[in-house]
Amino acid sequence: MLLIRVIHSWVSNALSGIGQQIHHQSTAVAEEQVDPFSLVADELSLLTNRLRSMVVAEVPKLASAAEYFFKMGVEGKRFRPTVLLLMATALNAPVLRPQVDVDSLSRDLRTRQQCIAEITEMIHVASLLHDDVLDDADTRRGIGSLNFVMGNKLAVLAGDFLLSRACVALASLKNTEVVSLLATVVEHLVTGETMQMTTSSDERCSMDYYMQKTYYKTASLISNSCKAIALLAGHTAEVSMLAFDYGKNLGLAFQLIDDVLDFTGTSATLGKGSLSDIRHGIVTAPILYAMEEFPQLRTVVDRGFDDPVNVEIALDYLGKSRGIQRTRELARKHANLASAAVDSLPESDDEDVQRSRRALVELTQRVITRTK
């Protein structure tokens, strides 16, 4: 009997140990880091090819201009479509509709959500083309900007053409709420650019004004597109707003880090000239924070930055201040808010859903730690 009890005890302990090991392994798998871009790479490739076919135009010159940033090698990382495809999977909770072929419904929904990603990318690229004309930029993504290569008129027309293609795709969704959302995005892009061009002295030095402009110019597109993904899936207003909050805070964090990199990056890593904002007279968060510590910097900002001496004085104040650090802290705060929005989504046991949600959280960290 003693021998039996000893064997029983040994077997129980061994099984317990195996159980704990399996639990630790499953926990490790559940918490493994995922590469957001790899997760949707195949789908993104199909989407990119579709985008290239969507920007074909009858007039050869317009066609080559419209496809300029959709060509192989200069298409960028497709950050926004990646976010939207991940959000589509992250929200893949079953929406109950009786007597409907679920597989067919799921395929149709995914196609419509992919269409939102395509529309978003076309709107984004159109805004870049127009921005480069307004900023008189000569580089973009490490190559000559379209306006520099083909002239301002063709660059503006190419941007208009992409917006018209986006409108056609948007109309095909036959969802008035989604159409309204993305039409508002285009209005916000114009509003944000106008706010940047026509600031008064007080507005130029206001953090609230800067954040509102940043939302219009950068965060509105991704936030409203994320919301559109949720609406197409038939989610509640509450879930749709969580998707919106994720996109808004991710977009704000992204732009805040962009503003930091304009001071700390180099032309090679950024694909554009460093200090481009301040040299164009655009005051961003690092300088605004530096101004709080050194009010005398306001006089320099009011004089403008046409004179390189004023740029050097502003940089000197920035170097003595916590402007860069505080901007990074604000970006981290928005990244955390984006992560919190994902954590607040309805619970799901689906592995693909969980993996996509971890990828969305991972993106928030990549945004605030990137160097380009």
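Criteria and cut-off values
Residues numbered from 1 in each chain as written. Predicted model: local features only at pLDDT ≥ 70, side-chain atom pairs only at ≥ 80, totals over all residues. Heavy atoms only, no water. Helix = DSSP H or I, 4+ residues; strand = E, 2+ residues; numbered from the N terminus. Contact = heavy atoms within 4.5 Å. Areas by Shrake-Rupley, 256 points an atom, 1.4 Å probe, with all protein chains shown as cover. Core = buried A, V, L, I, M, F, W, Y, C linked by side-chain atoms within 4.5 Å. Buried < 20%, exposed > 50% of the residue type's maximum accessible area, 1.4 Å probe, protein only. Salt bridge = Lys/Arg side-chain N within 4 Å of Asp/Glu carboxyl O. Phe/Tyr/Trp six-rings, centres within 6.5 Å; stacked < 30°, edge-to-face > 60°. pLDDT = per-residue confidence, 0-100. Expected span 1.5 Å × (residues − 1). Polar contact = N/O pair within 3.5 Å; in protein donor to acceptor, adjacent residues only side chain to side chain. Axes fitted to C-alpha atoms, helices over the stretch in contact; angles between N-to-C directions. Left-handed = near helix turned anticlockwise from the far one by under 90°. Lys, Arg positive; Asp, Glu negative; His and termini not counted.

Trainee: How would you sum up the overall build of the chain? Please name residues and give values.
Mentor: When helices and strands are counted, the chain shows 19 helices and 2 strands. Counting only contacts in the chain whose residues sit at least 6 apart along the sequence, the fraction spanning at least 24 positions is 75%. Here the chain has roughly 18,700 Å² of accessible surface; of this, 56% comes from carbon and sulfur atoms.

Trainee: Describe the nonpolar core, and please don't skip the residues or the numbers.
Mentor: Counting 109 residues, the largest nonpolar core has V83, I116, I119, V178, Y246, I287 and L297 as the members making the most contacts within it. In terms of residues, this core owes the most to one element, helix α11 (residues 207-232), which gives 15 residues. Not counting the four nearest positions on each side in its chain, I116 is found in contact with L84, L173, V178, L182, S225, A228, I229 and L232.

Trainee: So what's going on with the pattern of salt bridges? Residues and values would help.
Mentor: Close approach of charged atoms allows side chains of opposite charge to pair. Under the definition given, this model contains 15 salt bridges. Residue D131 is joined to K217 by a salt bridge in which the shortest nitrogen-to-oxygen separation is 3.7 Å. Placement of the pair is D131 in helix α6 (residues 102-135) and K217 in helix α11, with a sequence separation of 86 residues. Residue classification places K217 among the partly exposed positions, given a relative accessible area of 22%. Here E292 ties to R326 by a salt bridge, and the two come within 3.1 Å at their closest N and O atoms. Here R326 lies in helix α18 (residues 323-343) and E292 lies in helix α15 (residues 285-293), a separation of 34 residues in the sequence. Several salt bridges share partner residues, and in doing so they unite D35, E362 and R366 into one network.

Trainee: Tell me about the packing of aromatic side chains, residues and numbers included.
Mentor: When we look at a pair of aromatic rings, we describe it by the centre distance and by the angle of the planes. Counted under the stated rule, the structure contains 3 aromatic pairs. Geometrically, the ring pair formed by Y215 and Y216 is tilted, given 5.8 Å between the ring centres and 50 degrees between the ring planes. Residue Y215 is classed as buried on the basis of its relative accessible area of 13%. Y216 gets classed as buried once you look at its relative accessible area, which sits at 18%.

Trainee: Tell me what's going on with the confidence of the model for the chain, and back it up with residues and numbers.
Mentor: Per-residue pLDDT for the chain has a mean of 83; in total, 83% of the residues score no lower than 70. Here residues 1-30 scores under 50 on pLDDT; set against residues more than four positions off or in separate chains, the count is 2 contacts. Throughout residues 94-102 the model reports pLDDT below 50, and contacts reaching past four residues in sequence, or to other chains, amount to 6 contacts.

Trainee: I'd like to hear about helix α19 (residues 351-369), residue by residue, with values.
Mentor: Given a rise of 1.5 Å per residue, 19 residues ought to cover 27 Å, and the 27 Å separating the end C-alpha atoms of α19 matches this to within 8%. At its buried positions, α19 is contacted by α2 (36-39), α5 (79-90), α12 (237-264) and α18. Of the residues flanking the start of α19, the one acting as N-cap is D350, its side-chain oxygen 2.8 Å from the backbone nitrogen of D352.

Trainee: Quick one: what's the story with unusual backbone geometry, residue by residue and with numbers?
Mentor: Of note in the backbone geometry, K174 takes a positive phi value of approximately 50 degrees without being a glycine. By the secondary structure assignment, K174 is in the loop between α8 (152-172) and α9 (176-197).

Trainee: Before we move on, could you go through the packing of α5 against α19 and cite the residues and values that matter?
Mentor: Where α5 meets α19, the closest approach of the two axes is 8 Å, and the angle between their N-to-C directions is 145 degrees. Helix-helix and strand crossings are classified by hand; for α5 and α19 the assignment is left-handed. When α5 is examined against α19, the residues F79, V83, L86, M87, T89 and A90 are found in contact with a partner set consisting of D352, V353, S356, R357, A359, L360, L363 and V367.

Trainee: So, the environment of H280: which residues are in play, and what are the values?
Mentor: Position of H280 relative to the elements: it lies in the loop between α14 (276-279) and α15. For H280, a relative accessible area of 48% translates into the label partly exposed. Remark: the alpha-carbon pair of H280 and G304, spanning 24 residues in sequence, is separated by 9.2 Å.

Trainee: So what's going on with α5? Which residues, and what values?
Mentor: With 12 residues, α5 should cover 16 Å at 1.5 Å per step; its first-to-last C-alpha distance of 16 Å lies within 8% of that length. Summarising burial for α5: 12 of the 12 residues are buried, a large majority. Buried within α5 we find F79, R80, P81, T82, V83, L84, L85, L86, M87, A88, T89 and A90.

Trainee: Give me the side chain of R357: which residues, what numbers.
Mentor: Mapping R357 onto the fold places it in helix α19. Apart from the residues within four sequence positions on either side, R357 is in contact with A90, V342, L345, P346, E347 and S348.

Trainee: I'd like a rundown of the environment of M122, residues and numbers included.
Mentor: Along the chain, the position of M122 falls in helix α6. When neighbours within four sequence positions are excluded, M122 is seen to be in contact with L51, M54, V55, F70, L162, R165 and A166.

Trainee: Give me the lowdown on the side chain of D259, citing residues and values where you can.
Mentor: When you line up the elements, D259 lands in helix α12. Of the side chains with opposite charge, K213 lies nearest to the buried D259, which makes no salt bridge, at 6.8 Å. Leaving out residues up to four positions away in the same chain, D259 has contacts with Y210, D277, T284, A285 and P286.

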